[in-house]
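A look at the structure
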Amino acid sequence: NGATVKIGTTDAINVKVIDSTKITATVPQGMKEGAYDVTVTNPDGYSGKKGSGFTVAKVRIGDVNGDGVVNILDLVLVGRHFGESPPTDVKADVNEDGTVNILDLVLVAQHFGEGQPQAAPGLARLSKEQIALLQSLYQEIEASLVKTPEVERLKRLLASLLAAQPAPKTAL
């Protein structure tokens, strides 16, 4: 197809023209964070440019929901897709092995609290459904035969996060 893509002054790689309105390309590793102009040049020499058309942002391992913080909400999102292969939401497959499993939860736990101010990490108020999901994950991990230090850390993290949730209100 012959089209080229520049992100800033850097040539994109693996350029593929999908149709007359869509093109895909890969950004080379090592680009600094920031906004970049995008220029697409066709084989006939015609080109188009979009100012600040692409932003490179730091990606935090375990930040499944993309809010810049690795916290309890990311554990909930991974938990929601636990056992899926392939996952219906690829972001939940943190280690990108095609299956959402305990290894993905461990990665979120290892990076838990990153990107967060020094205040108590991860103490977001969860819905009853989210709490039930985390409780179910905790029970599944408790029953698991995998007993590595990383899995034990995940278990302790889930237990402490669940303990920090307010008790459900009961009607009298």
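Positions within a chain are numbered from 1, following the residues in the order the chain's sequence is written. Where local features are concerned, this predicted model is filtered to residues with pLDDT of at least 70; where side-chain atom pairs are given and counted, the filter is 80 or more; whole-chain, interface and lining totals use all residues. Side-chain measures here rest on the full set of heavy atoms in the structure, leaving out hydrogens and waters.

Let's talk about the nonpolar core
Take the buried residues of types Ala, Val, Leu, Ile, Met, Phe, Trp, Tyr and Cys, join any two whose side-chain atoms come within 4.5 Å, and each joined set is a nonpolar core. Classification of residues uses two cut-offs on accessible area relative to the type maximum, computed with a 1.4 Å probe and protein chains only: under 20% is buried, over 50% is exposed, and between them is partly exposed. The biggest cluster of nonpolar side chains holds 27 residues, and the ones touching the most others in it are Leu75, Val78, Leu105, Val108, Leu134, Ile141 and Leu154. Numbering of helices and strands runs from the N terminus, with a helix taken as a DSSP run of H or I at least four residues long and a strand as a DSSP run of E at least two residues long. Looking at this core, the elements with two or more residues in it are helix H1 (72–80), helix H2 (102–110), helix H3 (128–143) and helix H4 (149–164). Note on contacts: a residue pair qualifies if any of its non-hydrogen atoms lie within 4.5 Å across the two residues. If we ignore the near neighbours within four places in the chain, the residues touching Leu75 are Leu105, Val108, Phe112, Leu134, Leu137, Leu154, Leu157, Leu158 and Leu161. Residues Ala12, Tyr36, Val38 and Val56 belong to the second largest nonpolar core, which totals seven residues.

Structural notes on the pattern of salt bridges
Salt bridges are defined as contacts in which a side-chain nitrogen from Lys or Arg sits within 4 Å of a carboxyl oxygen from Asp or Glu. Counted under the stated rule, the structure contains four salt bridges. For the salt bridge of Asp37 with Lys49, the shortest nitrogen-to-oxygen distance reads 3.7 Å. On the criterion of sequence distance, the pair formed by Asp37 in strand E5 (residues 34–41) and Lys49 in strand E6 (residues 47–56) is long-range, its members being 12 residues apart. Here Asp37 falls in the partly exposed class, since its relative accessible area comes to 30%. Its salt-bridge partner being Glu142, residue Lys155 comes within 3.1 Å of it at the nearest N-O pair. Of the two residues, Lys155 is situated in helix H4 and Glu142 in helix H3; the sequence distance between them amounts to 13 residues. Look at Lys155 and you get buried, because its relative accessible area is 12%. Since its relative accessible area comes to 41%, Glu142 is described here as partly exposed. One continuous salt-bridge network, built from bridges that share partners, spans Glu142, Glu152 and Lys155.

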